[in-house]
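# Architecture at a glance
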Amino acid sequence: MSNQEPGFATLAVHAGSQPDPATGARITPIYQTASFVFDDVDHAASLFGLQAFGNIYTRITNPTTAVLEERVAALEGGTAALATASGHSAQLLVMHAMMMPGDEFISSKKLYGGSINQFGHSFKSFGWQVNWAEGIDPADFDAAVTDKTKAIFIESLANPGGVVMDINGIAEVARKHKIPLIVDNTLASPYLCRPIEHGADIVVHSLTKFLGGHGNSMGGIIVDGGTFNWSQDDRYPILSEPRPEYNGLVLHETFGNFAFAIACRVLGLRDLGPAISPTNAFNIITGIETLPLRMQRHCDNALEVAKYLESHDKVAWVSYAALESDPYHDLQQRYMPNGGGAVLTFGVKGGYDAGVSVVSNVEIFSHLANIGDTRSLIIHPASTTHKQLDDEQKTAAGAGPDVLRLSVGIEDASDLIADLEQALEG
Ligand SMILES: *Cc1c(COP(=O)(O)O)cnc(C)c1O
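Analysis parameters
- Residues numbered from 1 in each chain as written.
- Predicted model: local features only at pLDDT ≥ 70, side-chain atom pairs only at ≥ 80, totals over all residues.
- Heavy atoms only, no water.
- pLDDT = per-residue confidence, 0-100.
- Helix = DSSP H or I, 4+ residues; strand = E, 2+ residues; numbered from the N terminus.
- Pairing = 2+ DSSP bridges.
- Axes fitted to C-alpha atoms, helices over the stretch in contact; angles between N-to-C directions.
- Phe/Tyr/Trp six-rings, centres within 6.5 Å; stacked < 30°, edge-to-face > 60°.
- Buried < 20%, exposed > 50% of the residue type's maximum accessible area, 1.4 Å probe, protein only.
- Lys NZ or Arg CZ within 6 Å of the ring centre and 35° of its normal.
- Left-handed = near helix turned anticlockwise from the far one by under 90°.
- Contact = heavy atoms within 4.5 Å.
- Nonpolar A, V, L, I, M, F, W, Y, C, P; charged D, E, K, R; others polar.
- Near = heavy atom within 4 Å.
- Polar contact = N/O pair within 3.5 Å; in protein donor to acceptor, adjacent residues only side chain to side chain.
- Areas by Shrake-Rupley, 256 points an atom, 1.4 Å probe, with all protein chains shown as cover.
- Expected span 1.5 Å × (residues − 1).
- Salt bridge = Lys/Arg side-chain N within 4 Å of Asp/Glu carboxyl O.
- Domains from an automatic or database assignment.
- Buried area = accessible area lost by both parts, 1.4 Å probe.

### Description of the confidence of the model for the chain
The predicted coordinates ought not to be read in detail in places where the model reports low pLDDT. Across the chain, the average pLDDT comes to 95, with 100% of residues at 70 or higher. Within the chain, the lowest mean pLDDT, 79, falls on helix α16 (residues 391–396), and the highest, 99, falls on strand β9 (residues 220–224).

### Looking at the sheet that holds strand β1 (residues 80–84)
With respect to topology, 7 strands assemble into an open sheet ordered β1-β9-β8-β7-β4-β2-β3, the strand pairing being mixed. Of all strands in the sheet, those with a lone pairing partner are β1 and β3 (129–132), marking the two edges. Mean inter-strand twist for the sheet, computed between neighbouring axes without regard to direction, equals 20°. Pairing of strand β7 (residues 181–184) with strand β8 (residues 202–206), which is carried by 3 bridges, proceeds in the parallel orientation.

### Comments concerning the sheet that holds strand β14 (residues 403–407)
Taken in spatial order, the 5 strands line up as β10-β11-β14-β13-β12 in an open sheet, and their pairing is mixed. Two strands in the sheet have a free side with no partner beyond their single neighbour: β10 (315–319) and β12 (366–367). Pairing of strand β13 (residues 377–379) with β14, which is carried by 3 bridges, proceeds in the antiparallel orientation. Within β14, the position partnered with Leu377 by the bridge is Ser407.

### Things to note about the packing of aromatic side chains
Counted under the stated rule, the structure contains 16 aromatic pairs. Note on Phe228 and Tyr236: the rings are 5.5 Å apart at their centroids and 85° apart in plane angle, and the pair reads as edge-to-face. A relative accessible area of 1% means that Tyr236 is categorised as buried. Aromatic ring contacts, followed pair by pair, group Phe105, Phe119, Phe123, Phe126, Trp128, Trp132 and Phe153 into a single cluster. The side chain of Lys150 reaches across the aromatic face of Tyr236, ending 5.8 Å from its centre.

### Looking at the pairing of β7
Here β7 shows two buried faces, one formed by Leu181 and Val183 and the other by Ile182 and Asp184. Relative to β7, strand β4 (residues 149–155) runs parallel, the two being bridged by 4 bridges. Within β7, the residue paired with Phe153 across the bridge is Ile182.

### With respect to the packing of helix α3 (residues 63–76) against helix α12 (residues 278–289)
Remark: α3 packs on α12, axes separated minimally by 8 Å, with the N-to-C direction vectors making an angle of 35°. Judged by the sense of rotation from one axis to the other, the crossing of α3 with α12 is left-handed. Side by side, α3 and α12 meet where Thr64, Thr65, Val67, Leu68, Arg71, Val72 and Leu75 of the first sit next to Pro278, Ala281, Phe282, Ile284, Ile285, Ile288 and Glu289 of the second. A breakdown of the residues in the contact of α3 with α12 according to their chemical character gives 10 nonpolar, 2 polar and 2 charged.

### Details of the site of the ligand
Around the ligand sit 16 residues in total, of which Gly87, Asp184, Ser206, Thr208 and Lys209 are the nearest. At a separation of 2.8 Å, an oxygen atom of the ligand approaches a polar side-chain atom of Ser206. For the ligand, whose unbound accessible area comes to 380 Å², protein coverage reaches 94%. If you tally residues by element for the shell around the ligand, the top one is helix α4 (residues 87–98), at 3 residues.

### Let's talk about helix α13 (residues 291–310)
Between its first and last C-alpha atoms α13 spans 28 Å; for 20 residues at 1.5 Å apiece the expected length is 28 Å, and the two agree. Every buried residue of α13 is listed here: Leu291, Pro292, Arg294, Met295, His298, Cys299, Asn301, Ala302, Val305, Ala306, Tyr308 and Leu309.

### Considerations on the pattern of salt bridges
If charged atoms from side chains of opposite charge come close, those side chains can pair. Evaluated as defined, the whole model comprises 14 salt bridges. Overlapping salt bridges bring together Arg243, Glu245, Arg270 and Asp271 as one network.

### Here's the deal with the packing of α13 against helix α17 (residues 413–425)
Their axes nearest at 10 Å, the elements α13 and α17 cross at an angle of 35°. Where α13 crosses over α17, the two elements pack in a sense that is right-handed. Contact residues: Asn301, Glu304, Val305, Tyr308 and Leu309 in α13; Ala413, Leu416, Ile417, Leu420, Glu421 and Leu424 in α17. Class assignment of the residues belonging to the contact of α13 with α17 gives a composition of 8 nonpolar, 1 polar and 2 charged.

### Examining the pairing of β8
Within β8, 5 of the 5 residues are buried, which leaves the element mostly enclosed by the surrounding structure. Across the two faces of β8 the burial is the same, with Ile202, Val204 and Ser206 and Val203 and His205 all buried. Pairing between β8 and β9: 5 bridges, direction antiparallel. Bridging across to β9, His205 finds its partner in Ile221.

### What to know about the domain arrangement of the chain
Here the chain is described as being made up of domain 1 (8–287) and domain 2 (292–425). On a C-alpha basis, the centres of domain 1 and domain 2 stand 28 Å from each other. With 38 residues of domain 1 at the interface, the matching set in domain 2 holds 38 residues. Interface of domain 1 and domain 2: buried area, both sides summed, is about 3100 Å²; carbon and sulfur atoms make up 62% of it. Interface area lost by domain 1 to domain 2 is led by Pro160, Tyr191 and Phe210, which between them contribute 24%.

### Overview of unusual backbone geometry
Despite not being glycine, Leu50 shows a phi value in the positive range, around 65°. Within the secondary structure, Leu50 is located in the loop between α2 (41–48) and α3. Despite not being glycine, Ser189 has its phi angle at roughly 65°, a positive value. Mapped onto the elements of the fold, Ser189 is located in helix α8 (residues 189–192). Given the relative accessible area of 0%, Ser189 is considered buried.

Rendered as structure tokens:
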């Protein structure tokens with residue numbers, strides 16, 4: 001066998017999968033079963049005690065899902081991964097493994113609208129406090145750190161504003177304060193950006209978007225970078241102290257550089273329960289095989305559409321980091337040189353009403369709340385995804401009244417431009 005390290009496209013097709021050992025099936029089968037038979041009583045005991053790896057029950061592990069986990073871990077350059085039912089449940093399990101009631105974390109305000117709600121409202125019931133960084137500079141994150149801060153959370157390419165974050169700079173702040181940096185890499189995908197290479201400790205994804213890629217299956221994933229030392233002080237007791245339910249086992253001591261992924265699985269997934277279905281895992285594995293092809297086409301189409309919109313007299317502004325005129329262009333060139341992704345926002349002259357008119361007039365673009373489909377999608381965040389936020393939060397999140405968000409698909413760019421042309425004409 002060759003000694004060459006496989007490239008990204010090869011990993012996207014092969015990582016984690018083998019022909020099925022039982023049947024020779026070339027494609028990973030959908031192991032559509034809730035539970036698995038033990039070899040004998042001792043085998044069962046060792047699985048339950050975490051002395052051996054193996055399948056017990058699909059809430060905790062499943063062989064189809066395991067291929068998905070290994071593949072995404074390889075694409076992101078992590079040590080291990082844990083797939084979940086949705087992107088939001090991945091975020092929940094990450095925080096559940098590192099936060100205790102009364103703890104705090106810092107987040108960028110440039111976030112997916114659902115994450116702003118999850119962090120600002122639902123997490124309060126767990127006693128977890130989010131502190132929003134004032135701006136997006138590393139210094140804004142540094143200024144928000146308190147002695148209760150347990151983590152920093154950012155999106156690499158932020159939804160919906162097209163903001164590219166300075167991952168290295170923010171990772172330095174995290175390292176200085178001995179806290180992990182968590183990066184939501186959903187919009188960029190590992191094809192465009194691999195945050196662990198830039199200092200992130202944990203990566204999360206909504207697999208529902210570009211990794212699955214076809215708008216047909218919900219899923220989320222947590223990738224453990226294996227980079228963070230959970231035992232350097234007493235701030236992460238879930239990882240560094242004996243677990244009563246596992247006979248006093250210390251997760252970090254036992255599992256080393258993939259202890260965080262294990263903690264999310266054997267505590268969070270086991271007890272909170274948001275497991276992905278094997279069928280959805282299968283659909284997402286299939287989607288990942290074409291990730292490099294799709295993502296490049298998404299980027300090429302989005303750049304053409306962005307250039308068209310930039311020159312349109314009914315368009316006030318376009319935010320897309322791959323445009324040379326964009327304020328985030330330098331950061332895009334540094335962190336995601338293959339392209340600016342599929343998602344872009346633009347402002348229509350005429351504000352809220354003009355925005356509503358465009359989403360009502362499009363024909364090829366689907367008006368819906370999603371991104372990362374092969375199909376082109378459009379939404380008016382102020383009347384939908386970001387509707388729950390107050391005006392100040394809307395603008396801070398890049399979702400003001402005139403903003404339209406596109407997720408540019410992989411159709412012919414000329415057809416997409418013609419559709420927007422007629423929709424803007426109204
Ligand atoms: C969609 C999305 C999520 C939430 O993922 P779900 O799979 O819908 O739960 C989180 N972050 C970003 C950036 C997203 O686009």
